[in-house]
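One letter stands for each residue in the lines below.
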Amino acid sequence: SLRPSDLEEFVKGVSFDLSDRELFCIEDQDVFDRVYSLIRSFYSLPPSCKCNLVESLRSNLSVLLPNVDSISRSVQDQEDEVPIIDRITSHRNALKIYTFFLLTIITTEESHISSVNSTKVPARGRKKQIIQSWNWEPQRGRMLNLIANSLEINLSLLFGSPDLDENYLSFIAKNSFSLFENAAILKDAEAKDALCRIIGAAATKYRYIVQSCASVMHLIHKYDFAVVHVADAVARAESKYSDGTLAVTILRDIGRTDPKAYVKDTVGADNVGRFLVELADRLPKLMSTNVGVLVPHFGGESYKIRNALVGVLGKLVAKAFNDAEGDVSTKSLRLRTKQAMLEILLERCRDVSAYTRSRVLQVWAELCEEHSVSIGLWNEVASISAGRLEDKSAIVRKSALNLLITMLQHNPFGPQLRIASFEATLEQYKRKLNELEPTLPTEHSSKESTSDGESCNGDGEIDDLNLEVTNKMHQDSLPDSCQPENGEEISEKDVSVPDIGNLEQTKALIASLEAGLRFSKCMSDSMPILVQLMASSSASDVENAILLLMRCKQFQIDGAEACLRKILPLAFSQDKSIYEAVE
């Protein structure tokens, strides 16, 4: 009811009291009532009044927080407990009131801005000018940072225990989660960082777990833009406090959800899936030890959840098992866990859902790019991918073609993959092995011949063996007739092979060469299928088959050149994408 001039004087009087009197004046009923009356209608205040009020409250809270820490030190030197108890009570009440006022200002102002922006009024330029005229966003970030700071200091003395007053903590947490529903706030790095700190402290430091988990699940299900930011908040909480309780609780909550629920809630299923992948990317070790709670969803009817779990396993295989530390039992457990994940990824290549079959092939391509597929597994993946070229679904065929392209680009066997080259090199090193074996004591050679340890690493897979050496041996040991540009028959006459070392190293090299030979044959055997795909009614089949053939020719795959010649008539295709690919 005040006129503008009287309102400004009123605000100045309140600001003066807050700045001139002691910090605890906010507990005086008169000051409290005047501040509350302004905050209740904060959105209607002129910009100058808003700025004055916010600056006064924020300044007082920033001065109060260091005083809270100083109380702990003064307790030890104080003989009379009564003054100390009074100080503790005053600090606690002031902290609650300042936090209440600042957080109420933020939620009130944001609610007003959202309602104004959602109202279809022609004068949009004027709206924006009003909102920006008092520079709201920096103020919002500073206030939220102060609240986050207040939770991170030692408050146990103020509240009499490590846990805060439940109503106070609930008020902060609920308002912080409500601000997470605002996409504009999450785009502000300072505000988002503060909100993540608040949620992490509330859930992890003050054990506000159950309620926080419920709020996180609500955000994930209802707001797709919040998924990445929620994953950030959960990961930061684990990193800051070295406590993954919040993350584990959320994972268990997802695991307990009836898989059928995600069939109806497709948006929720999509968001939950994205959250799991984001969390696996940020907390691979924690996810690797708790992914078991999610396994029941592999049998669920929602392909989106299955797709997400496939993506999660891909992230974990690539990131969660690189730590070489730990005792033998720990390493053995990690190995078994990784092997189980790889087996699931192989199994899902035959999933009933075409979307999942396609997604798992994409994950294998990502693993190949990150050099996370061992030689021992390479040919099994290649064989499955080649088999998927005849899948009834076009999206699966496309993913299979792209996977084979990726496997060629990142193959560990060398820049040319002609079968004859591998066979010639392999034969020479087998002869070399026969020469080495008799030179060893009978007992020792017998032991080595019955063990796979020479050609396998600690993971039970064919050792990658210093692949640069393998590739060099394969190329350097060939006569000129074996090199990529020469098509004559390979002659083994007068060919000497470099000596790469002892019996164990030679066996490992032979194992790598045999794997390379199998890969070359697998790719060569796929040529007839690629010819069939070039006659497909799906433009995607034709385009990607051409791309794969180009890669096969680049790596000298047997039969690739003959197949490439068969694409020439497609230059007259009516489909632009196809004739451009032939060009």
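These figures come from a predicted structure and were not determined experimentally. Chains are numbered independently. Their residues run from 1 in the order of the written sequence. This being a predicted model, a pLDDT of at least 70 is required before a residue's local features are given, and a value of 80 or more before pairs of side-chain atoms are given or counted; all residues contribute to the totals for chains, interfaces and linings. For side-chain calculations, the full set of non-hydrogen atoms in the structure is used, while hydrogens and water are omitted.

> I would appreciate a short explanation of the overall build of the chain in the present structure.
Secondary structure elements follow DSSP: runs of H or I no shorter than four residues count as helices, runs of E no shorter than two count as strands, and numbering proceeds from the N terminus. Helices and strands together make up the secondary structure of the chain, namely 29 helices and zero strands. Each residue's exposure class comes from its accessible area (1.4 Å probe, protein chains only) as a fraction of the maximum for that residue type: buried when under 20%, exposed when over 50%, partly exposed otherwise. Counting across all 583 residues of the chain, residues that qualify as buried make up 49%. In this description, contact between two residues means that some pair of their heavy atoms is separated by no more than 4.5 Å. Residue pairs in contact within the chain that sit at least 24 positions apart in sequence constitute 76% of those at least 6 positions apart. Surface accessibility follows the Shrake-Rupley procedure with a 1.4 Å probe radius. Residue values consider only the protein chains on display as shielding. A total of about 27,900 Å² of accessible surface is found on the chain, and carbon and sulfur atoms cover 49% of it.

> Is there a simple way to think about the pattern of salt bridges in this case?
A side chain of one charge can pair with a side chain of the opposite charge if their charged atoms are brought near each other. Salt bridges are counted wherever a side-chain nitrogen of Lys or Arg sits within 4 Å of a carboxyl oxygen of Asp or Glu. Enumeration over the complete set of coordinates arrives at 28 salt bridges. Between Arg256 and Asp253 there is a salt bridge; the shortest N-O distance is 3.9 Å. Here the residue Arg256 and the residue Asp253 both occupy positions in helix 13 (residues 245-256), the gap between them amounting to three residues, near one helical turn. In this structure Asp253 comes out as partly exposed when scored by relative accessible area, which is 24%. When salt bridges that share partners are traced, they join Lys192, Asp232, Glu278 and Arg282 into one network.

> Is there a simple way to think about the side chain of Thr204 in this case?
Tracing the sequence through the fold places Thr204 in helix 10 (residues 189-205). Apart from residues no more than four positions distant in its own chain, Thr204 is found in contact with Ala237, Tyr241, Asp243 and Leu246.

> Can you walk me through helix 17 (residues 303-319) in this structure?
For the α-helix, the turn length of 3.6 residues means that residues three or four positions removed from each other point alike. A helix is expected to span 1.5 Å multiplied by its residue count minus one. A rise of 1.5 Å per residue sets the reference length of helix 17, with its 17 residues, at 24 Å; its end C-alpha atoms lie 24 Å apart and thus fit the reference within 8%. A large share of helix 17 lies buried, amounting to 13 of its 17 residues.

> Looking at this structure, how should I read the packing of aromatic side chains?
How two aromatic rings sit relative to each other is given by the distance of their centres and the angle of their planes. Stacked, tilted and edge-to-face are the three classes applied to pairs of Phe, Tyr and Trp rings, where Trp contributes its six-membered ring and a pair requires centres within 6.5 Å; stacked means planes under 30 degrees apart, edge-to-face means over 60, and tilted covers the rest. Applying the stated criterion across every chain yields a total of ten aromatic pairs. Ring geometry for Trp378 versus Phe413: centroids 6.5 Å apart, planes at 90°, classification edge-to-face. With Trp378 in helix 20 (residues 375-387) and Phe413 in the loop between helix 21 (394-409) and helix 22 (419-436), this pair connects stretches of sequence that are 35 residues apart. Judged by relative accessible area, Trp378 falls into the buried class, the value being 2%. By relative accessible area, which is 2% here, Phe413 ends up buried. Here the aromatic rings of Phe413 and Phe519 are separated by 5.8 Å at their centres, their planes lie at 40°, and the arrangement is tilted. Of this pair, Phe413 sits in the loop between helix 21 and helix 22 while Phe519 sits in helix 25 (residues 503-525), placing them 106 residues apart in sequence. Note on accessibility: Phe413 and Phe519 belong to one class, buried. The structure contains a cluster of three or more aromatic residues connected by ring pairs, namely Phe32, Tyr36, Phe100, Phe101 and Phe171.

> Looking at this structure, I do not really get the packing of helix 13 against helix 15 (residues 266-282). What am I missing?
The geometry of a pair of packed helices is captured by two quantities: the angle between their axes and the separation between those axes. Structural elements are reduced to axes, namely lines fitted to C-alpha atoms, with helices fitted over the stretch in contact, and the angle between N-to-C directions of any two is expressed from 0 to 180 degrees. Between helix 13 and helix 15, the least distance of the axes is 12 Å, while the angle of their chain directions is 145°. The chirality of how helix 13 crosses helix 15 is left-handed. Side by side, helix 13 and helix 15 meet where Ala247, Ile250, Leu251 and Ile254 of the first sit next to Val272, Phe275, Leu276 and Leu279 of the second. Of the residues belonging to the contact of helix 13 with helix 15, the class tally is eight nonpolar, no polar and no charged. What makes a crossing left-handed is the near helix being turned counterclockwise from the far one by less than a right angle; a clockwise turn instead makes it right-handed. Any residue that is not Ala, Val, Leu, Ile, Met, Phe, Trp, Tyr, Cys, Pro, Asp, Glu, Lys or Arg is counted as polar, Gly included; the first ten are nonpolar and the last four charged.

> Help me understand the environment of Ala214 in this model?
With respect to the helices, strands and loops of the structure, Ala214 is situated in helix 11 (residues 209-222). On the basis of relative accessible area, Ala214 is assigned to the partly exposed category, the value being 48%. Separated by 36 residues in sequence, Ala214 and Ile250 have C-alpha atoms that sit 8.4 Å apart.

> Explain the environment of Glu190 to me, please; I cannot follow it from the model alone.
Secondary-structure assignment places Glu190 in helix 10. Residues Glu190 and Gly141 lie 49 residues apart in sequence; the distance between their C-alpha atoms is 5.4 Å. In this view, Glu190 contacts Pro138, Gly141, Arg142 and Asn145; residues no more than four positions away in its chain are not counted. Two N or O atoms count as a polar contact when they lie within 3.5 Å, although within protein this holds only if one can serve as hydrogen donor and the other as acceptor, and sequence-adjacent residues are included solely when both atoms are side-chain atoms. A polar contact of 3.1 Å, which involves the side chain of Glu190, links it to the side chain of Asn145.

> Can you help me understand the environment of Met523 in this one?
Position of Met523 among the secondary structure elements: in helix 25. By relative accessible area, Met523 is classed as buried at 0%. With 35 residues separating them in the primary sequence, Met523 and Asp558 have C-alpha atoms 8.2 Å apart. If near-sequence neighbours (up to four positions away) are discounted, Met523 is found in contact with Leu404, Leu408, Leu548, Cys552 and Ile557.

> Just checking my understanding: could you explain helix 15 for this structure?
A rise of 1.5 Å per residue sets the reference length of helix 15, with its 17 residues, at 24 Å; its end C-alpha atoms lie 25 Å apart and thus fit the reference within 8%. When helix 15 is considered as a whole, its buried residues turn out to be Gly268, Ala269, Asn271, Val272, Gly273, Phe275, Leu276, Val277, Leu279 and Ala280.

> Just checking my understanding: could you explain the confidence of the model for the chain for this structure?
As a per-residue measure, pLDDT reflects the predictor's confidence and takes values from 0 up to 100. Averaged over every residue, the pLDDT of the chain is 85; residues scoring 70 or more account for 84%. Here helix 23 (residues 442-449) stands out as the element of the chain with the lowest mean pLDDT, 42, in contrast to helix 21, whose mean of 97 is the highest. In this model, residues 126-132 is a region of pLDDT below 50 whose contacts with residues beyond four sequence positions or in other chains number six contacts. Here residues 442-466 scores under 50 on pLDDT; set against residues more than four positions off or in separate chains, the count is 40 contacts.

> Mind showing me how you'd approach unusual backbone geometry here?
For residues other than glycine, phi is negative in most cases, and the peptide bonds are mostly trans. In this structure, His371 takes a positive phi of about 55° despite not being glycine. Residues other than glycine seldom take positive phi values, yet Gln556 does so here, at roughly 60°. Assignment of secondary structure puts Gln556 in the loop between helix 27 (539-554) and helix 28 (560-565). What makes Gln556 buried here is its relative accessible area of 17%.

> Just checking my understanding: could you explain the nonpolar core for this structure?
The nonpolar side chains of soluble globular proteins are, as a tendency, buried together. The criterion is simple. A nonpolar core is a set of buried Ala, Val, Leu, Ile, Met, Phe, Trp, Tyr and Cys residues joined through side-chain atoms within 4.5 Å. By size, the foremost hydrophobic cluster in this structure holds 179 residues, and its most contacted members are Ile26, Leu57, Phe275 and Trp364. Of all the elements, helix 4 (residues 81-118) adds the most residues to this core, at twelve residues. Residues in contact with Leu57, not counting those within four places in the same chain, are Leu18, Ile26, Val35, Ile39, Tyr98, Phe101, Leu102 and Ile105.

> It is not clear to me how the state of the cysteines should be interpreted in this structure. Could you clarify?
A covalent bond bridging the sulfur atoms of two cysteines is what the word disulfide describes. For the purposes of this analysis, a disulfide is any pair of cysteine sulfur atoms at a distance within 2.5 Å. Counted according to the given criterion, the structure contains zero disulfides. Cysteine Cys552 shares no disulfide, and the gap to the nearest cysteine sulfur, in Cys563, comes to 8.4 Å.

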